[in-house]
Amino acid sequence: MIMTQPTIQPIATSNAPGAIGPYSQAVRMGNLLFASGQLGIDPATGEMPATVEEQTHQSLKNAKAILEAAGTDLSHVVKTTVFLNDMNDFAKVNEIYASYFAQPFPARSAVQVAKLPKDGLVEIEVIAMIP
């Protein structure tokens with residue numbers, strides 16, 4: 001039996017901010033999608049809103065756009081990681097996060113970090129199945 005190496009396919013959309021470094025917005029391998037962390041940057045303006053609530057909404061909208069570009073959606077997310085500039089914002093982020101996902105909720109990690117790119121307050125990454 002010959003085993004073939006899975007192909008890694010980059011995923012990109014203009015409906016989410018472009019990568020600000022040497023990485024892809026997301027990569028697909030088989031029926032799995034691994035999306036890079038999304039800051040709350042508005043892809044239309046390149047600006048980031050001031051509040052953690054606004055940044056959380058935009059971060060999840062960006063993740064949603066990437067998922068859609070890959071042929072999937074938030075209902076197929078199996079794991080998320082939430083990076084917070086301040087863990088005191090956890091309850092605010094959690095309330096907004098819960099409005100984007102339905103049960104069964106994805107597995108999740110949430111961590112406080114010393115600093116996020118572009119002085120962001122929140123960054124969210126997702127792993128999803130592609131049906």
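What you see is a predicted model; the values in this text were computed from it and never measured.

1. Considering the pattern of salt bridges
Working definition: two side chains of opposite charge can pair if their charged atoms are close together. Enumeration according to the criterion identifies three salt bridges in this entry. For lysine 64, the salt bridge identified is with glutamate 68, shortest N-O distance 3.0 Å. One end of the pair, lysine 64, and the other, glutamate 68, are both in helix α1 (residues 52–69), four residues apart, so they sit about a helical turn from each other. Taking the relative accessible area as the measure of exposure, lysine 64 reaches 35% and is therefore partly exposed. With relative accessibility at 44%, the residue glutamate 68 sits in the partly exposed group. Here lysine 92 and aspartate 89 are joined by a salt bridge, their closest N and O atoms 3.8 Å apart.

2. Brief notes about the nonpolar core
In terms of nonpolar packing, the biggest core is built from 26 residues, with Leu33, Leu67, Val77, Val82, Phe101, Val122 and Val126 touching the most fellow members. Only β3 (32–35), α1, β5 (77–84), α2 (90–98) and β7 (122–129) provide two or more residues apiece to this core. Here the element with the most residues in this core is α1; it accounts for six residues. Apart from residues lying up to four places away in sequence, valine 126 is in contact with Leu33, Phe34, Ala35, Ala63, Leu67, Val77, Lys79 and Thr80.

Reading the values: rules and limits
- Residues numbered from 1 in each chain as written.
- Predicted model: local features only at pLDDT ≥ 70, side-chain atom pairs only at ≥ 80, totals over all residues.
- Heavy atoms only, no water.
- Salt bridge = Lys/Arg side-chain N within 4 Å of Asp/Glu carboxyl O.
- Helix = DSSP H or I, 4+ residues; strand = E, 2+ residues; numbered from the N terminus.
- Buried < 20%, exposed > 50% of the residue type's maximum accessible area, 1.4 Å probe, protein only.
- Core = buried A, V, L, I, M, F, W, Y, C linked by side-chain atoms within 4.5 Å.
- Contact = heavy atoms within 4.5 Å.

Limitation: the analysis is restricted to geometry and does not speak to function.
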